Amino acid sequence: MEDKFIEKYKVSSSISLKDIETKEVIKKADKKLNDVSKDLGKLQDTMYAHGKYAVLVCLQGMDTSGKDSLIREVFKEFNARGVVVHSFKVPTELELKHDYLWRHYIALPARGKFGVFNRTHYENVLVTRVHPGYILGENIPTVNSVDDINDAFWDARFEQINNFEKHIADNGTIIFKFFLNLSKEEQKNRLLRRLDKQEKNWKFSPGDLKERKLWDAYQTYYEDAINRTSKPHAPWFAIPADDKDSARYIVAKIMYDTLKKYTDIQEPELDDDIKANIEMYRGYLNNE
C-alpha cells in the first residue's frame with residue numbers, strides 16, 4: 001500500500017490532461033500531512049548526516065494552483081538549514097547573459113539538502129512556447145526572429161532538459177516533478193477570492209487574467225512537456241490540485257514513500273576508535 005500514491009499519480013505513459021481528475025478529497029488530509037511532514041523532516045536530518053544524496057522538488061502549475069502554500073505546509077517541520085526554496089521569475093539581465101539552464105544549475109541543492117524550485121526550468125518550454133517572442137531576449141546566435149523558433153528548436157530544448165536531469169540524477173540528486181493539476185473553474189474561484197478578500201488583494205495581478213485567456217495553450221504545452229520528460233530517473237506526478245489539503249498530503253506522501261526505498265540512507269557510524277573511547281571522553285567532560 002505504500003506505493004499507492006506513487007503508482008496512481010506517476011506519469012509512466014503518455015497522458016491527456018483532459019482525462020485526469022483535478023480533484024481528490026482525502027479525509028483528514030491536514031492531520032495526515034502533519035505526520036508525514038514530521039517524518040520527512042527527520043529523514044532530511046539523516047540525509048544531511050549521510051551526505052550522499054540531494055533532493056530536487058520541482059513544482060509547476062497554473063497561477064493559483066497552490067505552489068506557495070504547499071511549500072509552506074509540506075516543509076514546515078524541516079530544519080531551516082535543510083531546505084532551500086527558489087522562486088524563478090522573469091530572467092534578470094545577468095541570467096540572460098547565460099544559457100537558460102544556468103540559473104537553475106547554480107540553484108541546485110547540495111548533498112544532504114532539499115531544494116525546491118517554485119516554477120522551474122520547465123518555464124523555458126511552457127511560457128516561452130505560449131509567448132515565443134520571449135526567446136529573443138535570450139540572444140541565442142541561431143535565433144534571429146520568431147520564425148527561427150520551430151519544432152526542431154523545441155525538440156533540442158527538450159533533449160537538453162532531459163540530459164540536464166539525467167546528469168544530476170546520475171550524480172546523486174533525487175528528482176521529484178509535481179504538476180499541480182488545477183481546473184479552470186477552481187482557478188476562477190481562487191482569483192475571485194483574491195479580489196474579495198482584502199488581505200489577499202496583493203496577490204492579484206491583471207496579468208493573471210491575460211494568461212487565463214491562454215488556458216488551452218498552456219494545457220497543450222504542459223501535456224507535451226510532461227509526456228516528453230517523465231523519465232524513470234525524473235518522473236512527473238500529476239497531482240489533483242483543486243483541494244489544497246489533499247494535494248499537499250499526496251505530494252508529501254509520494255516523497256516520503258519514495259525516499260524510504262533508499263535503504264542506504266543511514267546516519268554514519270562513529271569510527272571504531274571513537275566508539276571504544278566514548279566513556280573516556282564522557283569522563284573527561286564531566287571532570288572538567
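Here, residues in each chain are numbered from 1, in the same order as that chain's written sequence. Only residues with pLDDT of 70 or above have their local features reported here, since the model is predicted, and side-chain atom pairs are shown and tallied only from 80 upward, although totals for entire chains, interfaces and linings are computed over all residues. Each side-chain value is worked out from all heavy atoms of the structure, with water and hydrogens disregarded.

A.B. asks: Kindly report on the overall build of the protein, identifying the contributing residues and their values.
C.D. replies: Starting at the N terminus, helices and strands are each numbered in turn, a helix being any DSSP run of H or I of at least four residues and a strand any DSSP run of E of at least two. Helix and strand counts for the protein come out as 12 helices and five strands. Dimensions of the protein, computed from C-alpha atoms along their principal axes, come out at roughly 75 × 50 × 40 Å. Burial analysis of the protein (288 residues in total) assigns 48% to the buried set. For the protein, the proportion of contacts with a sequence separation of at least 24, taken over those separated by at least 6, is 80%. Carbon and sulfur atoms make up 49% of the accessible area of the protein, which totals about 15,800 Å². Counting rule applied: Lys, Arg positive; Asp, Glu negative; His and chain ends not counted. Here the site of a charge means atom NZ of a Lys, CZ of an Arg, CG of an Asp or CD of a Glu. If you average the places of the 46 positive and of the 47 negative side-chain charges in the protein, the two averages end up 5 Å apart. Accessible area is worked out with a 1.4 Å probe on protein chains only. A residue is then buried under 20% of its type maximum, exposed over 50%, and partly exposed in between. Throughout, a contact is declared for two residues whenever any of their heavy atoms are within 4.5 Å. All accessibility values rest on the Shrake-Rupley procedure with a 1.4 Å probe; residue burial counts only the protein chains present in the view.

A.B. asks: Go over helix 3 (residues 67–74) with me, naming the residues and quoting the values.
C.D. replies: Burial analysis of helix 3 places six of its eight residues in the buried class, the great majority of the element. Taken together, the buried positions of helix 3 are Lys67, Ser69, Leu70, Ile71, Glu73 and Val74. Looking at the buried positions of helix 3, the neighbouring elements they touch are helix 2 (29–50), strand 1 (54–61), strand 2 (83–87), strand 3 (114–118), strand 4 (173–181) and helix 10 (244–259).

A.B. asks: Got a sec to walk through the sheet that holds strand 1? Specific residues and values, please.
C.D. replies: We treat two strands as partners when DSSP finds at least two bridges between them. In spatial order, the strands read 2-3-1-4-5; together these five strands make up an open sheet with parallel pairing. Since the sheet does not close on itself, it has two edges, and those belong to strand 2 and strand 5 (236–240), each with one partner. Looking at each pair of strands side by side, their axes are set apart by 20 degrees on average, direction ignored. Bridge count between strand 2 and strand 3: five bridges; the pairing is parallel. With axes taken as lines fitted to C-alpha atoms, and helix axes fitted only over the stretch in contact, angles between N-to-C directions fall between 0 and 180 degrees.

A.B. asks: Pulling in residues and values, what's your account of the pattern of salt bridges?
C.D. replies: The rule for a salt bridge is simple: a side-chain nitrogen of Lys or Arg has to be within 4 Å of a carboxyl oxygen of Asp or Glu. Inspection of the entire model under this criterion finds 20 salt bridges. For lysine 253, the salt bridge goes to aspartate 257, with nearest N and O atoms at 2.8 Å. Residue lysine 253 and its partner aspartate 257 are both found in helix 10; the two are separated by four residues, about one turn of the helix. Each of the salt bridges in this network shares a partner with another, and the network as a whole consists of Arg129, Asp155, Asp224 and Arg228.

A.B. asks: So what's going on with a nonpolar patch on the surface? Residues and values would help.
C.D. replies: Taken together, the side chains of Leu270, Ile274, Ile278, Met280 and Tyr281 define a hydrophobic patch exposed on the protein surface, amounting to about 430 Å² of accessible area. In terms of residue count, the dominant contributor to the nonpolar patch is helix 12 (residues 278–286) (three residues). With respect to the helices, strands and loops of the structure, leucine 270 is situated in the loop between helix 10 and helix 11 (272–276). The class for leucine 270 is partly exposed, based on a relative accessible area of 45%. Patch membership requires more than 30% relative accessible area and the absence of a salt bridge. Residues of like charge join within 9 Å; the nonpolar side chains Val, Leu, Ile, Met, Phe, Trp and Tyr join within 5 Å.

A.B. asks: Describe the packing of aromatic side chains, and please don't skip the residues or the numbers.
C.D. replies: Stacked, edge-to-face and tilted labels apply to pairs of Phe, Tyr and Trp rings (six-membered ring for Trp) whose centres lie within 6.5 Å, assigned for plane angles under 30 degrees, over 60, and everything in between, in that order. Throughout the structure, instances matching the rule amount to 13 aromatic pairs. With a centroid separation of 5.9 Å and 45 degrees between ring planes, the pair formed by phenylalanine 5 and tyrosine 9 is classed as tilted. Here phenylalanine 5 and its partner tyrosine 9 are both found in helix 1 (residues 4–9), four residues apart, which amounts to about one turn of the helix. Neither phenylalanine 5 nor tyrosine 9 differs from the other in exposure class; each is buried. Summarising the aromatic geometry, the rings of tyrosine 53 and tyrosine 262 are spaced 5.1 Å apart at their centres and angled 75 degrees between planes, so their arrangement reads as edge-to-face. With tyrosine 53 in the loop between helix 2 and strand 1 and tyrosine 262 in the loop between helix 10 and helix 11, the pair connects residues that are 209 residues apart, well separated along the chain. For tyrosine 262, a relative accessible area of 28% gives the class partly exposed. Here the aromatic residues Phe5, Tyr9 and Tyr249 are joined through ring pairs into a cluster of three or more. Between arginine 81 and the ring centre of tyrosine 48, over which it is positioned, the NZ or CZ distance is 4.1 Å. Over the ring of tyrosine 100 we find arginine 157, and its NZ or CZ is 3.8 Å from the ring centre. Charge-over-ring placement is defined geometrically: NZ (Lys) or CZ (Arg) within 6 Å of the ring centre, and within 35 degrees of the ring normal.

A.B. asks: Tell me about helix 6 (residues 151–170), residues and numbers included.
C.D. replies: Owing to its 3.6 residues per turn, the α-helix brings residues three or four apart onto one side. Helix span is expected to be 1.5 Å times the residue number reduced by one. Taking 1.5 Å per residue, 20 residues should reach 28 Å; helix 6 reaches 29 Å between its end C-alpha atoms and fits that length. All of the buried residues along helix 6 are Phe153, Trp154, Arg157, Phe158, Ile161, Asn162, Phe164, Glu165 and Ile168. The inward-facing, buried residues of helix 6 contact strand 1, helix 4 (102–105), helix 5 (127–130), strand 4 and helix 9 (215–229). Polar contact criterion, stated in full: a pair of N or O atoms within 3.5 Å, where within protein one must be able to donate a hydrogen and the other to accept it, and residues adjacent in sequence count only if both atoms are side-chain atoms. A side-chain oxygen of the first residue of helix 6 lies 3.2 Å from the backbone nitrogen of alanine 152; this N-cap is asparagine 150. A positive backbone phi angle near 105 degrees is found at glycine 172, which sits one or two residues after helix 6.

A.B. asks: Break down the side chain of arginine 129 for me, citing the residues and quoting the values.
C.D. replies: Looking at the element boundaries, arginine 129 is found in helix 5. With sequence-adjacent residues up to four places away left out, arginine 129 is seen in contact with Trp154, Phe158, Tyr221 and Asp224.

A.B. asks: Could you give an account of unusual backbone geometry, with specific residues and numbers?
C.D. replies: Apart from glycine, the bulk of residues carry a negative phi angle, and the bulk of peptide bonds sit in the trans form. One non-glycine residue, arginine 119, lies in positive phi territory at about 70 degrees. Topologically, arginine 119 is positioned in the loop between strand 3 and helix 5. Positive phi, normally seen in glycine, also occurs at asparagine 139, with a value near 60 degrees. Relative to the elements of secondary structure, asparagine 139 occurs in the loop between helix 5 and helix 6. Overall, asparagine 139 belongs to the exposed group, its relative accessible area being 67%.

Everything listed here is a matter of geometry and, on its own, says nothing about what the molecule does.
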